[in-house]
Amino acid sequence: MNLLLFVKYAILLYGIIFTFIFVRDCLRHRGDFRPGRTLPLAVIGFVSDLFDTWGIGSFAICQSAFKFTRSCRDELMPGTLNVAHTLPTILEFLLFLNLIKISGVTLIALIAGAVAGAVFGASIVSKWPVRIVRISLGTALLILAVILSLKLFHIGPFESTLSPREIVSHLDDSGIAIVNPDQWIHYVENRDIVPQEKKAIFQDPSVTERELTHVASVLKESGKTRIHAEDLSFAISENLVYGLNGIRLVIGTLGNMVLGALMTIGVGLYAPCMALVSALGMNVTACFPIMMGSCAFLMPSAGLKFLKEGKYDRKAAVLISIFGLAGVYIAYKVASSLPMQLLTAGIICVMIYTAFIFFRSAREES
């Protein structure tokens, strides 16, 4: 059995165990399922996991929505976030695992780091008083707002990917000639007109300038200085970095351990994990199985701690889980046609405003 198949079976088993314990806990506390809040919680679950599947993250959206709709008490938010989004995140991971290339060793190491951090973090956060929880949630939102702003404007590790025309130009400047470059550019830019049997051939490689410089160097060293249009996408993707070795693997694992611990207080892992993986030199597409896999394993790990303590909103967790699964499936099936940059900017503004509401509530509590 290969490593990725092992990971797939492991998360399926973990998800079944978590679901059993989650359902049992809810059945034991049927009195918590009082009338009211159904519609806002259903909408929150669907929308937050829809955007989560597109890489924006669900925690910040949920925290802001909880605060504005008053549908979850502040002290229960960390536990509710981790419990409610566990099953939708597991579904995300299973859907994307077979679509994106990733080193099995790297994936397992970074997931293990995230789980270790989450278990440690949850054991502490579940015992915090409401004032500390509010301060932590506000801080988490500000941290995420900064990271999403860097991502929005392609600053630091968040390099923008090159357009097909820029890729061809960069390779030409590097001494690699492309046969029929206009054909490749045309088909990559207009995927809807590509014959079905050639869609895999003309994939957009989603490569940054730094990554393409590395690819060009590898191609020249191997003597491949002339590439036909139908071989270009494969030649680029085959030479991108999809795994970590040595000290970079150690740094990645430790970094993800910190992110796993921070996630238990509401710092969503997606954007920080994307920054970490990109900074270590991996291709941006490899971020998706890593960040989704990390969350898929760490969230039930942290969630079990919150279940044991009873420190979560049961009705909110159930409704968000159900409608979040629907949101993940819709997002997976339907490519995003929304203005994601504009939506991200709007979410950042809401996050900052919500953070200050948390800080104000914490001040009033003191």
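Bear in mind that the values here come from a model prediction, so they are computed numbers and not experimental data.

Undergrad: Quick rundown of the packing of aromatic side chains? Include the residues and the values.
TA: One pass over the full model with this rule turns up 6 aromatic pairs. Relative to F22, the ring of F18 lies with its centre 5.8 Å away and its plane at 40°, an arrangement referred to as tilted. In this pair, F18 and F22 are both assigned in helix α1 (residues 3-28), 4 residues apart and thus about one turn of the helix distant. Exposure class is identical for F18 and F22. Each is buried.

Undergrad: Residue-level account of the environment of C287, with values.
TA: By secondary structure assignment, the location of C287 is in helix α14 (residues 287-309). Considering only alpha carbons, one finds C287 and F297, 10 residues apart in sequence, at a separation of 15 Å. What C287 contacts, discounting residues up to four positions off in sequence, is M274, V277, S278 and M292.

Undergrad: Tell me about the packing of helix α8 (residues 164-173) against helix α9 (residues 181-189), and please be specific about residues and values.
TA: Between α8 and α9, the least distance of the axes is 9 Å, while the angle of their chain directions is 150°. By the angle between their directions, the pair α8 and α9 is classed as roughly antiparallel. When you trace α8 past α9, the crossing you get is right-handed. Contacts from P164, R165, I167 and V168 of α8 reach α9 at P181, W184, I185, V188 and E189. Grouping the amino acids of the contact of α8 with α9 by side-chain chemistry returns 7 nonpolar, no polar and 2 charged.

Undergrad: Explain the nonpolar core to me, using residue names and the numbers behind them.
TA: Proteins that are soluble and globular tend to have nonpolar side chains buried together. Counting 112 residues, the largest nonpolar core has F66, F93, L171 and W184 as the members making the most contacts within it. At 13 residues, α14 tops the list of elements feeding residues into this core. If we ignore the near neighbours within four places in the chain, the residues touching L171 are I176, I178, L212, A216, L232 and I236.

Undergrad: Please set out a nonpolar patch on the surface residue by residue, giving values where relevant.
TA: On the surface, I247, V250, I251, L254 and M257 cluster together to form a nonpolar patch covering roughly 440 Å² of accessible area. In this fold, I251 is placed in helix α12 (residues 246-263). Taking relative accessible area as the criterion, I251 reaches 42% and is therefore assigned partly exposed.

Undergrad: Any chance you could break down the state of the cysteines for me, citing the residues and the numbers?
TA: Applying the stated criterion across every chain, the model contains 0 disulfides. Not engaged in a disulfide, the cysteine C72 finds its nearest cysteine sulfur in C62; these two sulfurs lie 8.9 Å apart. Using a relative accessible area of 7% as the deciding quantity, one classes C72 as buried. The thiol sulfur of C295 is not disulfide-bonded, and the nearest other cysteine sulfur, from C273, lies at 7.6 Å. The buried category is assigned to C295, whose relative accessible area is 2%.

Undergrad: Any details on the confidence of the model for the protein? Residues and values, ideally.
TA: Per-residue confidence for the protein gives a mean pLDDT of 85; residues scoring 70 or more make up 96%. For the protein, the element scoring lowest by mean pLDDT is helix α16 (residues 340-365), at 77; helix α15 (residues 314-333) scores highest, at 93.

Undergrad: Any details on the pattern of salt bridges? Residues and values, ideally.
TA: Per the stated rule, a full pass over the model turns up 8 salt bridges. With a closest N to O distance of 2.6 Å, R314 and D32 form a salt bridge. With R314 in helix α15 and D32 in the loop between α1 and α2 (38-53), the pair connects residues that are 282 residues apart, well separated along the chain. Linking D74 and R134 is a salt bridge whose minimum nitrogen-to-oxygen distance equals 2.7 Å.

Undergrad: Break down the side chain of H170 for me, with residues and values.
TA: With respect to the helices, strands and loops of the structure, H170 is situated in helix α8. Take H170: its relative accessible area is 17%, and that puts it in the buried class. In this structure H170 touches E209, L212 and T213, once residues within four positions along its chain are discounted.

Rules behind the numbers
- Residues numbered from 1 in each chain as written.
- Predicted model: local features only at pLDDT ≥ 70, side-chain atom pairs only at ≥ 80, totals over all residues.
- Heavy atoms only, no water.
- Phe/Tyr/Trp six-rings, centres within 6.5 Å; stacked < 30°, edge-to-face > 60°.
- Helix = DSSP H or I, 4+ residues; strand = E, 2+ residues; numbered from the N terminus.
- Buried < 20%, exposed > 50% of the residue type's maximum accessible area, 1.4 Å probe, protein only.
- Contact = heavy atoms within 4.5 Å.
- Axes fitted to C-alpha atoms, helices over the stretch in contact; angles between N-to-C directions.
- Parallel < 35°, antiparallel > 145°, perpendicular 65-115°, else oblique.
- Left-handed = near helix turned anticlockwise from the far one by under 90°.
- Nonpolar A, V, L, I, M, F, W, Y, C, P; charged D, E, K, R; others polar.
- Core = buried A, V, L, I, M, F, W, Y, C linked by side-chain atoms within 4.5 Å.
- Patch = residues over 30% accessible without salt bridge, like charges linked within 9 Å, V, L, I, M, F, W, Y side chains within 5 Å.
- Areas by Shrake-Rupley, 256 points an atom, 1.4 Å probe, with all protein chains shown as cover.
- Salt bridge = Lys/Arg side-chain N within 4 Å of Asp/Glu carboxyl O.
- Disulfide = S-S within 2.5 Å.
- pLDDT = per-residue confidence, 0-100.

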